[in-house]
Amino acid sequence: LDQIGNYVTSVTRSATGIYSANFTKTFAKLKCGITPGNGGVGHTESYTTSCSSCSSLSLNTILPNTGANADTFGTLLCQGQ
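What counts as what
- Residues numbered from 1 in each chain as written.
- Predicted model: local features only at pLDDT ≥ 70, side-chain atom pairs only at ≥ 80, totals over all residues.
- Heavy atoms only, no water.
- Buried < 20%, exposed > 50% of the residue type's maximum accessible area, 1.4 Å probe, protein only.
- Helix = DSSP H or I, 4+ residues; strand = E, 2+ residues; numbered from the N terminus.
- Pairing = 2+ DSSP bridges.
- Core = buried A, V, L, I, M, F, W, Y, C linked by side-chain atoms within 4.5 Å.
- Contact = heavy atoms within 4.5 Å.

With that settled, consider the pairing of strand β4 (residues 74-80). β4 sits mainly on the outside: zero of its seven residues count as buried. Relative to β4, strand β2 (residues 18-36) runs antiparallel, the two being bridged by seven bridges. Residue pairing for β4: K31 is matched across the bridge by Q79.

Judged by nonpolar contacts, V8, Y19, A21, F23, F27, L30, C32, I34, C51, C54, L57 and L59 together constitute the single largest core of 12 residues. Of all the secondary structure elements, the ones that give two or more residues to this core are β2 and β3 (47-60). For this core, the element with the most residues is β2, which contributes seven residues. Not counting the four nearest positions on each side in its chain, F23 is found in contact with Y7, V8, T9, L30, C32, S55, S56, L57 and C78.

Written out as structure tokens, the structure reads:
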């Protein structure tokens, strides 16, 4: 986990392509843009996800041609208040 700032405590994986980003505080509003890289399984789609009154955020990465979950590396950019 390489980050600017110190709000993300961890990113955990519960299954293939299904993750949870955990934060140091509860945000009134949180919005994250996900840009997955090519993890050797094909390109995954970029998308935005959000939540209210949350200290964690569910994320998943999928293959656009099949819709199947896929593990990959990438960038998570979050803004919150």
